Amino acid sequence: MHKLKLIGPFAQAVTMDNLPVKGPLSDDRLEIIDHAGILVNGEMIEAIGAFRELKSLTPKIEPVEGDFVVLPGMIDVHTHLCWSGSRAKDYAMRLSGSSYLEIARQGGGIWSTVTKTREVGMEELAGLTALHANRLLHQGTTTVEVKSGYGLNADSERKILNAIRKANEITKNDLIPTCLAAHIKPKDFEGSAREYLNYLIQDLLPGIKAEKLSHRVDIYVDEGAFNIQDALYYLNAAKALGFDVVVHADQFKPGGAQLAVEVGALSADHLEASSDEDIALLARSKVIPVALPGASLGLGAGFAPARKLLNTGAPLVIASDWNPGSAPMGNLLMQAAILGIYEKLTMAETLAAITCRAASALRLTDRGVLKPGMLADFIAFPCGDYREILYNQGGMGPEIIWKRGRLVTGKR
Ligand SMILES: [Zn+2]
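Model, not experiment: these values are computed from the prediction.

Quick look at the overall build of the protein chain
Turning to step 1, where the next piece is worked out: When its secondary structure is counted, the protein chain shows 17 helices and 16 strands.
Turning to step 2, where the next piece is worked out: In summary, the protein chain has a C-alpha radius of gyration of 21 Å against a globular reference of 22 Å for 412 residues, a match within 12%.
Turning to step 3, where the next piece is worked out: Over its C-alpha atoms, taken along the principal directions, the protein chain stretches across nearly 70 × 45 × 45 Å.
Turning to step 4, where the next piece is worked out: Buried positions account for 59% of the 412 residues belonging to the protein chain.
Turning to step 5, where the next piece is worked out: Contacts in the protein chain between residues at least 24 apart in sequence constitute 73% of all its contacts with a sequence separation of at least 6.
Turning to step 6, where the next piece is worked out: Roughly 16400 Å² of accessible area belongs to the protein chain as shown, and the carbon and sulfur atoms make up 52% of that amount.

Structure, rendered in structure tokens:
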């Protein structure tokens with residue numbers, strides 16, 4: 001029993017337990033424990049309840065001074081944070097009215113990130129990735145999905161996935177890698193989009209599977225990226241190899257959500273351009289819709305129809321899409337709070353979208369909820385009422401963060 005320690009007391013613990021995976025959530029569905037304590041056994045939660053009652057179970061107490069509300073650590077299910085180089089110049093051009101094509105013609109756009117990411121070695125890239133992941137950890141995100149996709153040939157994509165693996169050893173954050181070699185067809189590939197995908201199926205995916213570099217495959221389906229037929233072909237091949245598949249769907253043009261349902265994707269991410277039929281289709285399926293407000297904010301574009309998705313009975317997950325081009329902010333809490341006020345999401349819906357419901361989009365069953373048997377990943381905000389958190393719209397981050405039962409310290 002010596003491994004046990006009791007952390008608290010917290011003014012409130014919002015456990016996110018016992019919430020349905022799909023559909024609307026009113027705030028009164030939230031389980032809130034007043035004057036709470038969390039009993040931690042190594043990396044896991046042993047018990048959660050009234051601090052005063054849990055005190056009898058262990059002499060070891062890690063005290064929390066002052067009023068704090070504790071929540072599960074946030075889970076960001078969609079990022080591209082393994083990159084090198086800045087796209088600040090692109091952003092300035094976008095603010096001045098330049099189009100995507102004009103920016104690309106001036107040497108910007110995704111290809112500039114591909115060029116810079118190809119140039120750096122694996123170790124250096126791992127260091128950059130760990131820096132990005134640490135920034136998120138200090139913001140309260142304790143699990144992060146990270147996509148490749150700035151390599152766009154077999155060697156560079158493998159280097160990126162190895163860098164993500166290495167970064168996962170450096171940072172205390174948990175990184176979940178996804179292969180997005182089908183981000184765009186690279187400029188320097190001679191052949192059609194289908195031929196590029198065939199090259200990935202033959203020369204990249206089997207090795208990634210064998211080396212366990214990732215068990216997830218993503219594709220960007222849209223104008224300027226891959227079309228529906230090619231994506232269907234590619235994702236079916238990835239599924240046959242045993243990968244979970246996810247789709248960048250309906251960011252500018254519809255079609256991707258239907259594809260996600262047809263192929264049985266784990267999630268369909270973006271959905272800014274989804275129609276009412278797409279929403280109904282998603283709600284009837286097992287596909288988890290992921291809204292990416294960071295991309296809307298980065299492009300000055302509209303948000304995904306989050307309210308409609310929930311009202312139609314779909315789940316809703318919110319992720320940051322952190323990338324150097326279209327979503328440079330990376331702050332999940334702030335973005336979720338902003339989407340919440342524009343889409344009129346209840347606080348329960350917004351909080352679920354970045355904790356318990358997010359866990360399901362990564363097929364993770366050991367986090368996103370504060371209850372016994374879960375990882376001891378939790379974050380404490382300096383307030384006495386959980387509603388202060390989203391009310392501050394991301395301006396008040398968590399002040400204390402525990403990852404796998406340990407306090408996160410060091411530079412923010
Ligand atoms: Zn993305």
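Some points on unusual backbone geometry
Turning to step 1, where the next piece is worked out: Note the cis peptide between Gly 8 and Pro 9, where omega equals 0°.
Turning to step 2, where the next piece is worked out: Mapped onto the elements of the fold, Pro 9 is located in strand E1 (residues 4–14).
Turning to step 3, where the next piece is worked out: For Asn 18, which is not glycine, the phi torsion reads 60° and is therefore positive.
Turning to step 4, where the next piece is worked out: Here Arg 404, not a glycine, exhibits a phi torsion of approximately 50°, which is positive.
Turning to step 5, where the next piece is worked out: Along the chain, Arg 404 falls in the loop between strand E15 (400–403) and strand E16 (406–407).

Re the coordination of the zinc ion
Turning to step 1, where the next piece is worked out: Note on the zinc ion: its protein donors are His 78 (NE2), His 80 (NE2), His 248 (NE2) and Asp 321 (OD). The metal-donor distances range over 2.1 to 2.3 Å.
Turning to step 2, where the next piece is worked out: Along the chain, the residues that donate to the zinc ion are spaced as H-x1-H-x167-H-x72-D. On the criterion of sequence distance, the pair formed by His 78 in the loop between strand E6 (74–76) and helix H2 (88–95) and His 248 in strand E10 (residues 244–249) is long-range, its members being 170 residues apart.
Turning to step 3, where the next piece is worked out: You can call His 248 buried: its relative accessible area is 3%.

Let's talk about the environment of Ala 193
Turning to step 1, where the next piece is worked out: On the secondary structure map, Ala 193 appears in helix H7 (residues 193–203).
Turning to step 2, where the next piece is worked out: Beyond its immediate chain neighbours, meaning those up to four positions away, Ala 193 contacts Lys 185, Phe 226 and Asp 230.

Cut-offs and rules
Residues numbered from 1 in each chain as written. Predicted model: local features only at pLDDT ≥ 70, side-chain atom pairs only at ≥ 80, totals over all residues. Heavy atoms only, no water. Helix = DSSP H or I, 4+ residues; strand = E, 2+ residues; numbered from the N terminus. Rg over C-alpha atoms; globule rule 2.2 N^0.38 Å. Buried < 20%, exposed > 50% of the residue type's maximum accessible area, 1.4 Å probe, protein only. Contact = heavy atoms within 4.5 Å. Areas by Shrake-Rupley, 256 points an atom, 1.4 Å probe, with all protein chains shown as cover. Donors = N, O, S within 2.8 Å, 3.2 Å for Na, K, Ca; no water.

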